[in-house]
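In case you want the letters, here they are:
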Amino acid sequence: MKKMKNCVVTKRELLDLIDRKIGEGKEVIAPAKQENQANFKRIKSTREILWEGPQTVIPPKAFLFPQEEELMEYEVNDEIKVKVKVEGKPIILLGIHPCDMNGTTLLDKVFAENNLDEHYLKKREFVTIIGAECLVPCSTESFCYRKESVLPLEGFDLFLTDMGKNFFVEVGSKKGKSLISKIARKTTPSDAKKLRKIRRVRDNLFDKEQRKLKPKLEDLPKLLRENYDSPVWDEHGSRCFNCGSCNMVCPTCYCFDVRDYMELNLKRGNRTRFWDGCLLTDFTKVASGEIFREGRGARLRHRTNRKDWYLFEKWERSFCTGCGRCGKACLTKIVDPLDIENELYDRWKR
Amino acid sequence: MKKPKVGFFEFTCCEGCQLTVLSLGDKLLDLFESVDIVNFREASSYKGQDYEIAFIEGSISTSKDIERIKEIRARAKICVALGACAHLGGVNAIRNFQRQSDVRWRTYGDKAWLFDSILAQPIDAVIKVDHVIPECPIDKKEFLRATASILLGKKPFIPDYPVCVDCKMKANVCLFHKPNPIACMGPVTRAGCGAVCPSVGNACEGCRGLIPDPNLSAWEEVLKEHGLSIEDILKFYHMYNGLMGVRR
Amino acid sequence: MTIYKPEIAKINRIEKLTKTESLLDIELLSGKSLGHQPGQFVEVSVFGVGEAPISISSAPSDLATFQLCVRAIGNVTSALCGKKPGDKIGIRGPFGKGFELKHFKGKDILFVAGGLGLAPLRSLIWSVLNSRKDYGKVYILYGAKIPQELLFKEELKNWKEREDVEYHVTVDVGDEKWQDNVGVITTLFPYIQFDPAKTQAVIVGPPIMYRFVIRELKNHGTPDKKIWVSLERKMKCGVGKCGHCQINDIYVCQDGPVFNYEKLKNLPEAI
């Protein structure tokens, strides 16, 4: 992505700008408090935004790759008419954490690879992403610093860093640039200096507070390859519900099922895709009843391998952003990739 | 195309599932247009015996029930268990875990000898069931989709994965993770309900039956960590899954 | 047009091969030839019922029609087998990597088919037999559970009679009329004498079969890179997105379903 000029805006002016947009009917989605956690919701005012953790229950992928998405509808008479639904609507995703921007960037890659998934890409085209840097860890489960995910790679239109009265703004796209062109002012050397200091403090804090990843990040594919037959998989797997919670809440899990539904008149129907997960028992089941990935441990291994081996090697980047959602969601505390990788590493070294 | 003839039948239950069908609103008209309903006590006094598809609600709990359901099976090409009582034995089966003489006395008093009640059973303990539409009561959307599937000659899609999937899709805060945690049967219960109970802060009680491969030891471990005793855990099972209602 | 939109096609003919399998002749309404490679598959839609991956059973040709051999086992396949000529369905594909004939030209070929595995293999067998002189010796070993389940019985007779094909058949359980071999597929190996150095072996069958046949081939000294297989998986989207058909780091719908064993042996989830 071509780097655009950074700028500075006052917080007041930016928030007023967003509130005006909301007033004009613009759909703005941001993390907001939900009980003792958080969730994305359509906000009526920027005052609702939860700028600092906890992490939202589900990631922003839901706005690009919805839980349930009609791919096409059809009419079956003597002729068959199929109408594909490729739709998007303009929304602003605001206050997105760096881990989730990185997750989105990875989804952008996989959905645009080879066979373009227009259903995803059309939605993506319409979305404006305004990220916000995390200056304190959002939860005890997160380990984004260990996954080099405290800053976004790309995939944002604007990226805000809180500098007290101002936001330091990294501009990622023309869309982002035009959004704030009226309120942006040039950065000064002291702004840049201040930003560096904020990030240094942030790095130190995250390094101190977040759990350590014992193997080197770049060694994860090798670690997983060499521990394919480790007993760790079945030990963790024996306590797995195969409930798929880890898949659902993951910002980079994008597997889906597709199902046809017919109306009662048996004339009109639709083909809809749903989130699916490799931890679910039937994920690999074919019509004959054969399940090609049998065993709770094997399914857990596949998910971990996808994140930190298969897709890591293919895209040269871990597909686990360290957001910590799966570790939080897992009732038996068996799925957290960092825990698993540390355990594999400890036993491997011995 | 000739409309298929359909009958609705009830055994021991609250008839809430048939009420759900009746409360489909506009969609009920679609149903009437797609099938000929020849037997539906809650909607019509007409009782035709020439049905091809039988929707059966309720559990089997008298010896007369057994005869009657066998007759229905003999007439219908397709038998569909409607709701938790037909599917799992439902709440009626709670009595199976009590002394039967006590239960009969409590229910019928000194007239107990007049009633031939037996242990409550799901209908597939007596007849072959072709399809199940689970839940207590059934879900409208799922009923419509499943009925369309059956008319199309297709096995209805009923998930075999746990309620957690639905619950996460709804972006709910997990009941186990609330400030005051609530023990929930979601991790071992069949999804498809859209996590209707957890979404309003109530525990899943397992009314859609257990998934085919529930990790019960892990679930019991989690419940114990949350301070539940064996008795509490059994109560959980007995609500709907006393007969260990894994769909057969 | 998106990657998920099926093209409408017409069923021209349905032939019941066995109690559960039917052979469908299908023509795209666009009149275009499918343009497939032997071993590739299509995603077949029965609207309202769903979509299922089915391997193409006919050899590539310029004709507008192609053939699918379908076992009525799931929702889509049962619906397909219940269709009538003239009925419309949806087709996406062809998808995946099939058999590249260049690997087989000039070589001896040993075909090993189990059950419904003959359906995809038939597409390659006829590609070879249609230009028979381009290939060396041809062996076909075919096994089914019972005689009634043998597919393409007329063609089997043809192969048996041909002088340029060495064909052997077996069933797990015979009946009073059965005169050929009884036993699992590997019990046919003693009947043939192939030269492992010159032979490309192609195996398609139920999951359990691969391990035994590969072991047999290795015992005969067949090198890994001369063994080819086609794998069944749940290819839901066909375009490398949905994740269901993944075997370790590869997608069967993209990198397969046809694989060389040299590559496959390093994938623990494969066989």
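Residues numbered from 1 in each chain as written. Chains lettered and ligands numbered in written order. Predicted model: local features only at pLDDT ≥ 70, side-chain atom pairs only at ≥ 80, totals over all residues. Heavy atoms only, no water.

### Remarks on the overall build of chain C
Helix and strand content of chain C: 6 helices and 15 strands. Computed over C-alpha atoms, the radius of gyration of chain C comes to 18 Å, within 12% of the 18 Å expected from 2.2 N^0.38 for 271 residues, which places it in the range of a compact globule. Along the longest, intermediate and shortest principal axes, the C-alpha atoms of chain C span 50 × 45 × 35 Å. A buried classification covers 58% of the 271 residues belonging to chain C. Look at the contacts in chain C between residues 6 or more apart in sequence, and 68% of them connect residues 24 or more apart. Accessible surface computed for chain C: about 10,900 Å², of which carbon and sulfur atoms make up 50%. Across chain C, the 37 positively charged side chains and the 31 negatively charged ones have centroids separated by 4 Å. (Helix = DSSP H or I, 4+ residues; strand = E, 2+ residues; numbered from the N terminus. Rg over C-alpha atoms; globule rule 2.2 N^0.38 Å. Buried < 20%, exposed > 50% of the residue type's maximum accessible area, 1.4 Å probe, protein only. Contact = heavy atoms within 4.5 Å. Areas by Shrake-Rupley, 256 points an atom, 1.4 Å probe, with all protein chains shown as cover. Lys, Arg positive; Asp, Glu negative; His and termini not counted. Charge placed at Lys NZ, Arg CZ, Asp CG, Glu CD.)

### A closer look at the side chain of T161 of chain A
All names here are of chain A. Tracing the backbone through its elements, the reader meets T161 in strand 8 (residues 158–163). The exposure class of T161 is buried, given its relative accessible area of 0%. Here R199 takes part through its side chain, which lies 3.4 Å from a polar atom of the side chain of T161. Ignoring anything within four residues of it in the chain, the contact list for T161 reads E133, L135, N166, F167, F168, L195, I198 and R199. (Polar contact = N/O pair within 3.5 Å; in protein donor to acceptor, adjacent residues only side chain to side chain.)

### Regarding the domain arrangement of chain B
By a widely used convention, the size of an interface equals the accessible area lost when the partners come together. All names here are of chain B. With domains assigned, chain B is organised as domain 1 (5–152) and domain 2 (163–240). Taking only C-alpha atoms into account, the centre of domain 1 sits 26 Å from that of domain 2. On the domain 2 side, the residues contacting the 11 residues of domain 1 number 11 residues. Between domain 1 and domain 2 the total buried area reaches about 970 Å² when both faces are included, carbon and sulfur atoms providing 59% of it. It is L88, F97 and E135 in domain 1 that bury the most area against domain 2; as a group they hold 42% of the surface buried on that side. E135 serves as the salt-bridge partner of R208, at 2.6 Å between the closest nitrogen and oxygen. Scanning the region where domain 1 abuts domain 2 turns up 2 residue pairs in polar contact (both at pLDDT 80 or more). (Domains from an automatic or database assignment. Buried area = accessible area lost by both parts, 1.4 Å probe. Salt bridge = Lys/Arg side-chain N within 4 Å of Asp/Glu carboxyl O.)

### Some words on the sheet that holds strand 5 (residues 65–71) of chain C
Residue and element names in this part refer to chain C. With respect to topology, 6 strands assemble into an open sheet ordered 4-3-6-1-2-5, the strand pairing being antiparallel. For this open sheet the edge positions go to strand 4 (50–55) and strand 5, each flanked by a neighbour on one side alone. Taken pair by pair, the neighbouring strands of this sheet meet at an average axis angle of 40 degrees, ignoring direction. Pairing between strand 2 (residues 21–28) and strand 5: 7 bridges, direction antiparallel. In the sheet register, I26 faces strand 5, and the bridge partner there is F66. (Pairing = 2+ DSSP bridges. Axes fitted to C-alpha atoms, helices over the stretch in contact; angles between N-to-C directions.)

### Here's the deal with the pairing of strand 7 (residues 127–132) of chain A
All names here are of chain A. For strand 7, the buried fraction is high: 6 of the 6 residues fall into the buried class. The side-chain alternation of strand 7 yields two buried faces, one formed by V127, I129 and G131 and the other by T128, I130 and A132. Taken together, the 5 bridges between strand 6 (residues 91–96) and strand 7 define a ladder with parallel strand orientation. For I92, the partnering residue across the bridge sits in strand 7 and is T128. Looking at chain direction, strand 7 and strand 8 are connected through 3 bridges and run parallel. Looking at strand 8, one finds that G131 is bridged to F159.

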